[in-house]
Amino acid sequence: MIHYILFRTQAHSTEEPSRVRQALENVLPQDTPIETLETEGYFGNPITIFTARLEKKAATQYMQFLRDKLPEADLKELISELPERVSEDCTFFLRLSKQDAYLGDVRITYAEDAIALKAKVAAYPAKYELGLKLIKDYFNAGE
């Protein structure tokens, strides 16, 4: 089970906030509330931050959604990188492409300007090895 998944992305002054919001909506389950925060960058440029949160059952179901929606090449790459994507406290990290999400696709990216996912894995005890095993199981990559 997954305790929660946090989603975070931002619209910089060169981006249309409604499009960035739409990209986030496209990768979330329908009717997931999105919080908006208007802020400024270092040089006074406007930045809009969008966040969302999925809890327990919805978060756990989202992992299956990812497995089903990621292209095969992305899924294989993700599975090979799982040891680097799980922290010592059983948190799983992933970035999704904003541009692909806006177009309705789910793709992994390594860019900074992305939709960041941070999932807390329900591992008891909260040890790296157990968290990694559980994440592998979600992506059908168990040993």
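That block above? That's the structure.
Residues numbered from 1 in each chain as written. Predicted model: local features only at pLDDT ≥ 70, side-chain atom pairs only at ≥ 80, totals over all residues. Heavy atoms only, no water.

Asks: Give a detailed account of the overall build of the protein chain, specifying residues and quantitative values.
Replies: Along the protein chain, the regular secondary structure elements total five helices and five strands. Counting from the amino terminus, the protein chain carries its helices and strands in the arrangement β-α-β-β-α-α-β-α-β-α. Compactness check: the protein chain gives a C-alpha radius of gyration of 15 Å against a globular reference of 15 Å for 143 residues, within 12% of the reference. With the C-alpha coordinates of the protein chain rotated into their principal frame, the extents come out at 50 × 30 × 30 Å. Looking at the protein chain as a whole, 42% of its 143 residues qualify as buried. Across the protein chain, the fraction of contacts at a sequence separation of at least 24, relative to all contacts at a separation of at least 6, is 66%. Accessible surface for the protein chain amounts to roughly 8,200 Å². Of this, 51% is attributable to carbon and sulfur atoms. (Helix = DSSP H or I, 4+ residues; strand = E, 2+ residues; numbered from the N terminus. Rg over C-alpha atoms; globule rule 2.2 N^0.38 Å. Buried < 20%, exposed > 50% of the residue type's maximum accessible area, 1.4 Å probe, protein only. Contact = heavy atoms within 4.5 Å. Areas by Shrake-Rupley, 256 points an atom, 1.4 Å probe, with all protein chains shown as cover.)

Asks: Help me get a handle on unusual backbone geometry, residues and values and all.
Replies: Omega for the peptide link from Y124 to P125 comes to -5°, which places this bond in the cis form. Topologically, P125 is positioned in the loop between β5 (114-121) and α5 (128-138). A positive phi is found at D31, a non-glycine position, where the angle reads about 70°. Its place among the elements puts D31 in the loop between α1 (17-27) and β2 (35-40).

Asks: Explain helix α2 (residues 56-69) residue by residue, including any values.
Replies: With 14 residues, α2 ought to run about 20 Å at 1.5 Å a step, and its terminal C-alpha atoms sit 20 Å apart, in line with that. Among the residues of α2, A59, Y62, M63 and L66 are the ones counted as buried. Buried positions in α2, seen along its axis, are confined to an arc of 105° and lie on one side of it. Exposed residues lying more than 90 degrees from the buried face of α2 are K57 and D68. Buried residues in α2 make contact with β1 (2-11), α1, β3 (46-55), β4 (91-97), β5 and α5. (Expected span 1.5 Å × (residues − 1). Arc of directions from axis to C-beta.)

Asks: Outline the pattern of salt bridges, listing residues and values.
Replies: Opposite charge on two side chains permits pairing when their charged atoms draw close. As enumerated under the stated definition, the model contains 11 salt bridges in all. We note a salt bridge from E72 to K76, for which the minimum N-O separation is 3.2 Å. You can see E72 and its partner K76 sitting in helix α3 (residues 72-85), four residues apart, about one turn around the helix. Across the pair, K76 and E72 agree in class, each one exposed. The partner of K133 in a salt bridge is D137, and the shortest N-O contact between them spans 2.9 Å. Residue K133 and its partner D137 are located together in helix α5, separated by four residues, close to a single helical turn. (Salt bridge = Lys/Arg side-chain N within 4 Å of Asp/Glu carboxyl O.)

Asks: Just give me the short version of the nonpolar core, but keep the residues and values in it.
Replies: Within the largest apolar cluster, 39 residues are counted, with the highest numbers of intra-cluster contacts made by F7, F92, I135 and F139. Taken together, the elements giving at least two residues each to this core come down to β1, α1, β3, α2, α3, β4, β5 and α5. When sequence neighbours within four positions are dropped, the list of residues in contact with F92 reads M63, L78, L82, R85, V86, L117, K118, A119, V121, I135 and F139. (Core = buried A, V, L, I, M, F, W, Y, C linked by side-chain atoms within 4.5 Å.)

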